[in-house]
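Overview (structure and organization)
The residues making up each chain are set out below.
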Amino acid sequence: MRLHVLSSGSKANGYVLYNDQEALVIECGVPYGQCLQAIDFRRDKIVGALLSHEHGDHAKYVAQYLDAGIDVFASAGTIDGMRQYLKRDTIQPTRMENQRLIDVGRFKVLPFDTQHDCNEPFGFLVYHEEMGQLLFATDTYYLKYTFPNLSYIMLECNYETGIIERNVEQGVIPPFVKERVFRSHMSLETHIQTLHANDLSRVNAVILLHLSGSNSAPEDFKKAVEEATGKLVFVAEKGLDIPFNRNMIS
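Here we summarise the structure given alongside this text.

This part takes up helix H7 (residues 188-197). Here H7 has its buried residues at Leu188, His191, Ile192, Thr194 and Leu195. Buried residues of H7, seen end-on, are gathered within an arc of 160° and therefore sit on one face of the element. Packing partners of the buried residues in H7 comprise strand S11 (152-156), strand S12 (205-209) and helix H8 (218-229).

What follows concerns the pattern of salt bridges. Oppositely charged side chains can form a pair if their charged atoms are brought close together. Taken as a whole, this structure holds 11 salt bridges when the rule is applied. Asp117 is the partner of Arg180 in a salt bridge, and the nearest nitrogen-oxygen pair spans 2.8 Å. With Arg180 in helix H6 (residues 175-184) and Asp117 in the loop between strand S8 (107-113) and strand S9 (122-128), this pair connects stretches of sequence that are 63 residues apart. Taking relative accessible area as the criterion, Asp117 reaches 37% and is therefore assigned partly exposed. The network of salt bridges with common partners includes Glu22, Arg106 and Glu129.

With that settled, consider the environment of Leu135. The topology assignment puts Leu135 in strand S10 (residues 132-137). Along the sequence, Leu135 and Ser151 sit 16 residues apart, while their C-alpha atoms lie 8.3 Å from each other. Sequence-distant contacts of Leu135, defined by excluding residues within four places in its chain, comprise Phe112, Phe124, Leu125, Leu143, Phe147, Leu150, Tyr152, Ile153 and Met154.

Conventions used here
Residues numbered from 1 in each chain as written. Predicted model: local features only at pLDDT ≥ 70, side-chain atom pairs only at ≥ 80, totals over all residues. Heavy atoms only, no water. Buried < 20%, exposed > 50% of the residue type's maximum accessible area, 1.4 Å probe, protein only. Helix = DSSP H or I, 4+ residues; strand = E, 2+ residues; numbered from the N terminus. Arc of directions from axis to C-beta. Contact = heavy atoms within 4.5 Å. Salt bridge = Lys/Arg side-chain N within 4 Å of Asp/Glu carboxyl O.

Printed below as a string of structure tokens:
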């Protein structure tokens, strides 16, 4: 199993878990053609796509995936909230229910509720026999759950409080943007607290998601999480492609 990052951040988000036989897409914020290119145009490999919420940087291209015959899974609230991105003659997404396990190809997916300024956002616990168990959570200012037996963690690390406070003082961003970020995105501090709340003993790697373009420092964030956890840490950047195997990463 491998992870390929199509994009991560406020402009676009898309990720692919794939091996020689199948691929699972997470988020539809990147054009379908770019997703296909990442898996050598093997359309037959794509077993489905998971959508966390309806904001454009995650859902803008959902109609392209549906038109290509990809099963897209999302909460009822997300489906209702992204009508602007759906076409009337397009097959509609498949509804997922909070904490109800579904099979998507050989992937087992457990959606769970997260905390963001939108309709019924979800994070995902994803299991595959090659990969083990993955925690995926983005665009949430905290997680109210902990998760056992994790092999990989893909978790938002959007901003650092000191950086955003300085940006407000210097007029880089207005105060109302800071307040919105505090109520809807995860800080570096909360990211580390969330990691420590979970059992990391079997975790092979942590991938930092959705870093802010103006309120983060990628290398500093990576170092801070490495020092706090002792784990291998990656920043999700366009083109990142790494092994995602159950027992080791190399």
